[in-house]
Every structure is written in structure tokens, then in C-alpha cells.
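What the coordinates show
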Amino acid sequence: MPRTVNVEARAIRREAFVDVALRLIQTKGYEQMSVQDVLDELEASRGAFYHYFASKIALLEAAVDHIVAAALEAVSPIVTDPGLSAPEKLDRLLSGIAGWKAERRSSCSPCSRSGTRTTTRSCATRCGGAPSSASGPLLSAIIEQGRAEGRFSASSPDGAARAVVALLQGAQDMAGELFFARQAGEITFEVVETRMAGWPRPSVECWGRQLGLCL
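Position labels on residues start from 1 in each chain and follow its written sequence. Local features in this predicted model are restricted to residues whose pLDDT is 70 or higher, and side-chain atom pairs enter the listing and the counts only when it is 80 or higher, whereas totals over whole chains, interfaces and linings include all residues. Derived side-chain values reflect all non-hydrogen atoms in the structure, with water molecules and hydrogen atoms excluded from consideration.

A look at the side chain of Asp37
As for its placement among the helices and strands, Asp37 is situated in helix 2 (residues 35–42). For this analysis, a polar contact is any N or O atom pair within 3.5 Å, provided that within protein one partner can donate a hydrogen and the other can accept it, and provided that sequence-adjacent residues contribute only side-chain to side-chain pairs. There is a polar contact of 2.8 Å between the side chain of Asp37 and the side chain of Lys28. Contacts are assigned to residue pairs that have any heavy atoms within 4.5 Å of one another. When sequence neighbours within four positions are dropped, the list of residues in contact with Asp37 reads Leu24, Lys28 and Gln32. Labels follow the DSSP assignment, with helices taken as runs of H or I lasting at least four residues and strands as runs of E lasting at least two, numbered in each case from the N terminus.

Quick look at the structure:
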């Protein structure tokens with residue numbers, strides 16, 4: 001007789017592993033957290049862990065996905081708000097994501113606390129990839145509205161959305177490299193400020209100029 005899989009129960013159990021990992025990363029750091037620490041918190045077996053995650057880094061990636069999903073859920077209502085113009089939505093979406101991260105800095109930093117550049121690059125790839133697929137449709141919908149309002153002139157909303165995501169990812173990648181270079185004493189804080197100053201601030205006016213949306 002085929003074994004019946006309770007999908008809902010499996011999802012809840014998997015989420016429990018992610019929740020514990022997030023808490024331990026915040027308190028101990030990723031490198032210091034062990035799989036056994038997670039198992040002890042949940043009173044689970046090692047076999048149970050590997051039923052859901054192929055490795056410790058896979059658990060970290062799931063934790064990052066959780067953070068990204070929560071951020072996007074918080075800002076998604078902006079896109080469907082009938083009282084906002086497209087430029088207002090774009091401005092609030094970008095600043096909303098930044099504000100959400102700032103308010104939850106301790107829970108949004110598993111990458112920066114992972115301890116090594118190699119691990120952080122792996123984590124950053126997931127951090128950048130998730131917003132690329134998840135926030136793209138939100139941005140595309142806003143840009144399409146802007147075209148209908150006569151405020152944006154991008155010929156391809158999807159293409160413009162991908163360009164925004166690419167800029168965000170580029171800034172994130174550079175910030176990560178600067179963070180570790182600064183921690184290692186390889187560069188001064190003034191160098192960090194100079195390099196980051198070249199990136200547009202997350203506002204409609206700046207992003208519009210960068211992308212040629214012609215606001």
C-alpha cells in the first residue's frame with residue numbers, strides 16, 4: 001500500500017527547522033551553529049534533518065528564502081493599492097523593502113554573520129536569486145501601470161523590472177564584498193563610502209533616470 005504523505009504536516013515540520021536556524025544564526029552566528037544544535041532544539045534525529053535539507057548550507061538558503069518571502073509579503077499590498085500612482089508605488093516598494101530590512105536587521109543578517117567570504121557568497125547568491133524571481137512580477141506590474149498612466153516609457157515592463165533587480169543585486173554584491181574587506185582591515189570606511197556613493201538611492205527619481213523610464 002503506497003505511503004500517504006501529509007504535505008501540510010511536512011511543511012510545518014520543515015518550517016520549524018527554519019525557525020530554529022534563524023534564531024540560532026542570530027544568537028550564535030552561522031559558522032558557530034551546528035546541525036546538532038538545531039536537532040537539540042527540536043529534539044529531532046539527524047535523519048529527520050536530512051529528510052528536509054541536503055546540507056547545512058541548504059538550511060541557510062531556506063532561512064534566507066523565509067526572510068525574502070516575509071519582506072515581499074509586507075510590501076505586496078503597495079502594488080494593488082488603487083489610490084497610488086505608479087511612481088508612488090515604485091518609490092514605496094523600494095523604500096519599503098529597505099525599511100523592512102532595517103527594522104529587522106538582526107533577523108535579516110544570516111549572510112553577513114556567516115563568518116567566511118566563501119559561505120557568504122553562497123548565501124548571497126540565494127539572497128539575490130530569490131528577489132529576482134519574486135519581486136520581478138511586482139515591479140513589472142508597477143511599470144505596466146506607469147505606461148498606462150503615461151508616466152513611464154519603458155518598452156518592456158518585464159525588461160525594465162529585470163534591470164531594477166539587476167541594479168539591486170549589483171549593489172548587494174558590492175556591499176557584501178565591502179563589508180568583508182572592511183572587517184578584514186583591507187579598506188578604510190572612507191573607501192566604502194566612496195564606492196557606495198556611486199549607486200542610486202532607492203527613490204523613483206533616481207531609478208527612473210538610471211533605467212530611462214522617463215518619469
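Remarks on the packing of helix 4 (residues 56–80) against helix 7 (residues 136–149)
Interhelical geometry of helix 4 versus helix 7 gives an angle of 15° and a closest axis separation of 10 Å. In terms of orientation, helix 4 and helix 7 fall into the roughly parallel class. As for the relative orientation of helix 4 and helix 7, their crossing is left-handed in sense. Here Leu72, Ser76 and Val79 of helix 4 lie close against helix 7, whose contacting residues are Leu138, Ala141 and Ile142. The classification used treats Ala, Val, Leu, Ile, Met, Phe, Trp, Tyr, Cys and Pro as nonpolar, Asp, Glu, Lys and Arg as charged, and all other residues, Gly among them, as polar. Split by residue class, the contact of helix 4 with helix 7 holds five nonpolar, one polar and no charged. For every element, the axis is a line fit to its C-alpha atoms; helices are fit only across the contacting stretch, and the angle between N-to-C directions ranges from 0 to 180 degrees. Roughly parallel refers to an angle under 35 degrees, roughly antiparallel to one over 145, roughly perpendicular to one between 65 and 115, and oblique to any angle outside these ranges. For a crossing to be left-handed, the near helix must be turned anticlockwise from the far one by less than a right angle; the clockwise case is right-handed.

Topic: the packing of aromatic side chains
To pair, rings of Phe, Tyr and Trp, with the six-membered ring standing in for Trp, must have centres within 6.5 Å; the planes then decide the type, stacked if under 30 degrees apart, edge-to-face if over 60, and tilted in the middle. Considering all chains together, one arrives at six aromatic pairs under this definition. Where Phe17 meets Tyr52, the ring centres are 5.6 Å apart and the plane angle is 45°; that geometry is what we call tilted. Here Phe17 is found in helix 1 (residues 7–28), whereas its partner Tyr52 is found in helix 3 (residues 46–52), with 35 residues between them in sequence. Pairing Phe17 with Phe53 gives two aromatic rings, centres 6.0 Å apart and planes at 70°, and the pair type is edge-to-face. Placement of the pair is Phe17 in helix 1 and Phe53 in the loop between helix 3 and helix 4, with a sequence separation of 36 residues. Residue classification places Phe53 among the buried residues on the basis of a relative accessible area of 2%. An aromatic cluster of three or more residues is present, and its members are Phe17, Phe49, Tyr50, Tyr52 and Phe53. Burial classes follow relative accessibility: with a 1.4 Å probe on protein chains only, a residue under 20% of its type's maximum area counts as buried, one over 50% as exposed, and anything between as partly exposed.

Focus on the environment of Ser95
Position of Ser95 relative to the elements: it lies in helix 5 (residues 86–103). Exposure remark for Ser95: the relative accessible area of 36% places this residue in the partly exposed category. A distance of 2.8 Å separates a polar atom in the side chain of Ser95 from the backbone oxygen of Asp91. In this structure the side chain of Ser95 is engaged in a polar contact, spanning 3.4 Å, whose partner is the backbone oxygen of Arg92.

The analysis is restricted to geometry; functional conclusions fall outside its scope.
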